[in-house]
Amino acid sequence: MPKPPVPTSPFWKLQRQLARFNTFLFRKTGGKVGGSFFGGAPVLLLNHVGRKSGQSRTSPLIYVDDSPQLVVIASKGGVDAHPAWFHNLMAMATTEVELPGGERRQVRPRVAEGAERARLWERAVAVYKPYAAYATYTEREIPVVVLESADATPAE
């Protein structure tokens with residue numbers, strides 16, 4: 001798998017356009033179209049607000065169902081910078097995700113660490129094998145983000 005282009009590459013502008021189209025299709029079909037990625041990896045829509053712009057944004061992301069929580073990976077293809085959605089999400093106390101089938105959940109984000117991160121990373125790689133290669137492209141530790149029910153008591 002080739003190393004991803006630098007974060008300033010026009011490739012990422014195209015990726016943003018494809019993500020908008022995926023979001024449109026996901027919402028129009030209840031996730032029947034756009035609700036999975038190549039190889040069948042499940043996709044959710046993460047709603048977040050730009051921490052600088054204040055604009056509402058939606059990012060389609062591969063996820064792992066680690067019931068009752070969901071898990072997303074802030075890989076951005078293994079580039080040396082975290083994706084913007086990760087920074088936006090970490091600035092929020094809660095947000096909403098949309099799942100295939102029309103389900104919406106209020107969630108509270110946190111970054112997994114230690115043994116929990118290792119376990120969830122392995123599950124994510126099992127769902128989407130390129131994550132393993134992405135980790136070799138960068139010096140940063142790719143964040144594993146746990147999306148807990150906003151109704152649950154926060155983990156300490």
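Residues numbered from 1 in each chain as written. Predicted model: local features only at pLDDT ≥ 70, side-chain atom pairs only at ≥ 80, totals over all residues. Heavy atoms only, no water.

S.K.: Please provide a residue-by-residue account of unusual backbone geometry, values included.
M.R.: S67 connects to P68 through a cis peptide bond whose omega is 15°. Relative to the assigned elements, P68 resides in the loop between strand 2 (56-66) and strand 3 (69-73). Look at K76: it is not a glycine, yet its phi comes out positive at around 45°. With respect to the helices and strands, the residue K76 is situated in the loop between strand 3 and helix 2 (84-90). (Helix = DSSP H or I, 4+ residues; strand = E, 2+ residues; numbered from the N terminus.)

S.K.: Go over the nonpolar core with me, naming the residues and quoting the values.
M.R.: By size, the foremost hydrophobic cluster in this structure holds 18 residues, and its most contacted members are I73, W121, Y131 and V144. Contributing elements (two or more residues each) for this core: strand 2, strand 3, helix 3 (114-127), helix 4 (130-136) and strand 6 (144-149). In terms of residue count, the dominant contributor to this core is helix 3 (4 residues). Setting aside chain neighbours within four positions, we find Y131 in contact with I62, I73, S75, W121, A124 and V125. (Core = buried A, V, L, I, M, F, W, Y, C linked by side-chain atoms within 4.5 Å. Buried < 20%, exposed > 50% of the residue type's maximum accessible area, 1.4 Å probe, protein only. Contact = heavy atoms within 4.5 Å.)

S.K.: Just give me the short version of the pairing of strand 6, but keep the residues and values in it.
M.R.: Within strand 6, 5 of the 6 residues are buried, which leaves the element mostly enclosed by the surrounding structure. The pairing of strand 3 with strand 6 spans 4 bridges and is classified as antiparallel. Across the sheet, V72 pairs through a bridge with V145, a residue of strand 6. Inspection of the sheet shows strand 5 (residues 104-111) paired to strand 6 by 5 bridges, in the antiparallel sense. Directly across from V111, in strand 6, lies its bridge partner V145. (Pairing = 2+ DSSP bridges.)

S.K.: Explain helix 3 to me, using residue names and the numbers behind them.
M.R.: End to end, helix 3 covers 20 Å across 14 residues, agreeing with the expected 20 Å (1.5 Å per residue, within 8%). For helix 3, the complete set of buried residues consists of R117, L120, W121, A124 and V125. All buried residues of helix 3 fall inside an arc of 145° around its axis, so they share one side. Looking at helix 3, the residues exposed on the side facing more than 90 degrees away from the buried face are A115, E122 and A126. Looking at the buried residues of helix 3, the elements they touch are strand 2, strand 3, helix 4 and strand 6. (Expected span 1.5 Å × (residues − 1). Arc of directions from axis to C-beta.)

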